[in-house]
Amino acid sequence: MEWLRHAACVGADPDLFFPVGTSGPAVRDTAAAKRICADCPVIGQCLEWALGSGRTSGVWGGLSEDERAALLRTAGDVNEPRPEVMRSSTP
């Protein structure tokens, strides 16, 4: 995790990245965290690490918990074979 030393969030308030709730101050904190991530030189590595290590809370790689979950669902959908593809490849 050498990349972490170069993250834009180093020294930022960790509470911004781990808001409690889904409305009011939590929405503002999430937006503030994403603004920090937007300028981060290691945003891709952060997101890759969060997805690979199963981080389910907080803002990582510029994405919220829900956004990462949706990304994982989409990735899973893309990689799953479709029945019509399986049938057409069977001799």
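Definitions and cut-offs
Residues numbered from 1 in each chain as written. Predicted model: local features only at pLDDT ≥ 70, side-chain atom pairs only at ≥ 80, totals over all residues. Heavy atoms only, no water. Phe/Tyr/Trp six-rings, centres within 6.5 Å; stacked < 30°, edge-to-face > 60°. Helix = DSSP H or I, 4+ residues; strand = E, 2+ residues; numbered from the N terminus. Buried < 20%, exposed > 50% of the residue type's maximum accessible area, 1.4 Å probe, protein only. Arc of directions from axis to C-beta.

A. Looking closely at the packing of aromatic side chains. Per the stated rule, a full pass over the model turns up 3 aromatic pairs. Between F18 and W60, the ring centres sit 6.1 Å apart and the planes meet at 75°, which makes this aromatic pair edge-to-face. Here F18, found in the loop between helix 1 (14–17) and helix 2 (25–38), pairs with W60, found in the loop between helix 3 (43–53) and helix 4 (65–79); they are 42 residues apart in sequence, far enough to count as distant. Between the aromatic rings of W49 and W60, the centroid separation amounts to 5.1 Å while the plane-to-plane angle is 50°, which identifies the pairing as tilted. One end of the pair, W49, is in helix 3; the other, W60, is in the loop between helix 3 and helix 4, with 11 residues separating them in the sequence. The structure contains a cluster of three or more aromatic residues connected by ring pairs, namely W3, F18, W49 and W60.

B. Broad picture of helix 3. What helix 3 keeps buried is the set C46, L47 and A50. Projected onto a plane normal to the axis of helix 3, the buried residues spread over an arc of 95° and lie on a single side. Turned more than 90 degrees away from the buried face of helix 3, the exposed residues are E48 and G52. Just downstream of helix 3 lies G54, where phi reads positive at about 75°.

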